[in-house]
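# Report on the structure
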Amino acid sequence: MESAGSPPRRAAVVGRGDKMRAAVLEATITELTHAGYAALTVEGVARRAGVHKTTIYRNWKDSDGLVADALAGHFATDILIPDTGSVEGDLRALARSLVATMTTRAGRALLTTVLSDAVRLPQLAEIKHALFDDRFRRAEPVVTRAIERGELPADTDPAELLKALAAPIYFRLVFTGEPVDEATADRAVRVALAAAHARALPAV
C-alpha cells in the first residue's frame, strides 16, 4: 500500500486516446488529494498514470491546465434534482448529496485546490464559479416548486436559500474540520428552512 509521503509507483502502461486521457485525469485527482496543488507535478501525474510526461505535455499545456481539466471533467456530470413532494425532503436529498460528493477523494481535491494558490489562476477561478453557479441554477426548481405549493414565503430567493443550505456544510469542511455526515446535512436543512420561514432570505 502506498503511503501519503512516498512517491507513487508507476502504474501499468495505458494506451492512447480516451483511455490515456481518463488515466491522466484520474491520476491528477489522486495527486491533488495526496500531495495538494502546490506539490503536484507533471512527472508525478505521469508516473501514477503510467504514461510518459511528454504524452501529457502533448495534450496539456502545463500542470495548471491539467488540474483545471481534471476538476472540470469530474464535476461536469449532471446532478439529480429531487422531487419528493416536500421542500424538506428535497432539501434533505440535496444536502446529503452535497455531503456525499464533497467527502469523496475528488471532492477533497476540489476543496484543497480552490483554497490554495490555484485560486489566483483565471481558468481555475472560472471553473469554481461555473461549478457553483451551475449547481445553484439546477437546484432552484426545488425552491420554486415549494413556493408554488405554499411551503415557503413567496418572496424567498432560491439562490439565497440554497447558499444557506450549503453554508453549514462548507463551514465544517473548510474551517473546523468537524465530521461531515448525513446528520450535518439534516441540520443544514433545518437552518435553511428556519431562515426562509423567518423571511430572512427575501429576493432583492
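See the structure printed just above.
The structure presented is a predicted model; accordingly, all values stated were derived computationally and were not measured.

## Re the packing of helix α7 (residues 122-148) against helix α8 (residues 158-176)
- The N-to-C vectors of α7 and α8 enclose an angle of 115 degrees; their axes lie 8 Å apart at closest approach. Of the two elements, α7 crosses α8, and the hand of that crossing is right-handed. Contacts between α7 and α8 involve Phe 132, Phe 136, Ala 139, Glu 140, Val 143 and Thr 144 on the former and, on the latter, Pro 158, Ala 159, Leu 161, Leu 162, Lys 163 and Tyr 170.
- Across the contact of α7 with α8, the residue classes break down as nine nonpolar, one polar and two charged.

## Observations concerning the packing of α8 against helix α9 (residues 182-197)
- Contact pair α8 / α9: the axes reach a minimum separation of 8 Å and the direction vectors enclose 145 degrees. In the packing of α8 onto α9, the handedness of the crossing is right-handed. Taking contact as the criterion, the partners of Leu 161, Ala 164, Leu 165, Pro 168, Ile 169 and Arg 172 in α8 are, on α9, Thr 184, Ala 185, Arg 187, Ala 188, Val 189, Ala 192 and Ala 196.
- Here the residues of the contact of α8 with α9 sort into ten nonpolar, one polar and two charged.

## Quick notes on the packing of aromatic side chains
- For the structure shown, the criterion picks out two aromatic pairs.
- Relative to Tyr 170, the ring of Phe 132 lies with its centre 5.8 Å away and its plane at 75 degrees, an arrangement referred to as edge-to-face. One end of the pair, Phe 132, is in helix α7; the other, Tyr 170, is in helix α8, with 38 residues separating them in the sequence.
- Exposure remark for Phe 132: the relative accessible area of 25% places this residue in the partly exposed category.
- A relative accessible area of 17% places Tyr 170 in the buried class.
- Note on Phe 171 and Phe 175: the rings are 5.5 Å apart at their centroids and 40 degrees apart in plane angle, and the pair reads as tilted.

## Some points on the pattern of salt bridges
- For the structure shown, the criterion picks out 17 salt bridges.
- Among the ionic pairs, Arg 145 bridges to Asp 83, the shortest N-O distance being 3.6 Å. Placement of Arg 145 in helix α7 and of Asp 83 in the loop between α4 (63-74) and α5 (87-102) is noted, with a sequence separation of 62 residues between them.
- We note a salt bridge from Arg 145 to Asp 90, for which the minimum N-O separation is 3.5 Å. Linking Arg 145 in helix α7 with Asp 90 in helix α5, this pair joins segments that are 55 residues apart in sequence.
- Here Arg 145 falls in the partly exposed class, since its relative accessible area comes to 21%.
- Of the residues examined, Asp 90 reaches a relative accessible area of 0% and is grouped as buried.
- Residues joined by salt bridges that share partners form a network here, namely Glu 88, Arg 92, Arg 96, Glu 182 and Asp 186.

## So, the side chain of Asp 157
- With respect to the helices and strands, the residue Asp 157 is situated in the loop between α7 and α8.
- As a buried residue without a salt bridge, Asp 157 has its nearest oppositely charged side chain in Lys 163, at a separation of 7.1 Å.

About the thresholds
- Numbering of residues begins from 1 in every chain and follows the order in which that chain's sequence is written.
- Since the coordinates come from a predicted model, pLDDT governs what is reported: local features require at least 70, and pairs of side-chain atoms require 80 or more to be given and counted, while whole-chain, interface and lining totals use all residues.
- With hydrogens and water excluded, all non-hydrogen atoms of the structure serve as input to the side-chain values.
- Helix axes are fitted to C-alpha atoms over the stretch in contact, other axes to C-alpha atoms as well, and angles between N-to-C directions run from 0 to 180 degrees.
- For helices the rule is a DSSP run of H or I covering at least 4 residues; for strands it is a run of E covering at least 2, with both sets numbered from the N terminus onward.
- Handedness of each helix crossing follows the sense of rotation of the near helix against the far helix: counterclockwise by less than a right angle gives left-handed, clockwise gives right-handed.
- Contact definition: two residues touch when any of their heavy atoms are within 4.5 Å.
- Residues are grouped as follows: nonpolar covers Ala, Val, Leu, Ile, Met, Phe, Trp, Tyr, Cys and Pro; charged covers Asp, Glu, Lys and Arg; every other residue, Gly included, is treated as polar.
- Centres within 6.5 Å are what make two rings of Phe, Tyr or Trp a pair, Trp counting through its six-membered ring; a difference in plane orientation under 30 degrees is then read as stacked, over 60 as edge-to-face, and the rest as tilted.
- Relative accessibility under 20% of the residue-type maximum defines a buried residue, over 50% an exposed one, and the middle range a partly exposed one, all with a 1.4 Å probe and only protein chains included.
- Definition used for salt bridges: Asp or Glu carboxyl oxygen within 4 Å of a side-chain nitrogen of Lys or Arg.
- In this charge count, Lys and Arg are treated as positive and Asp and Glu as negative; neither His nor the chain ends contribute.

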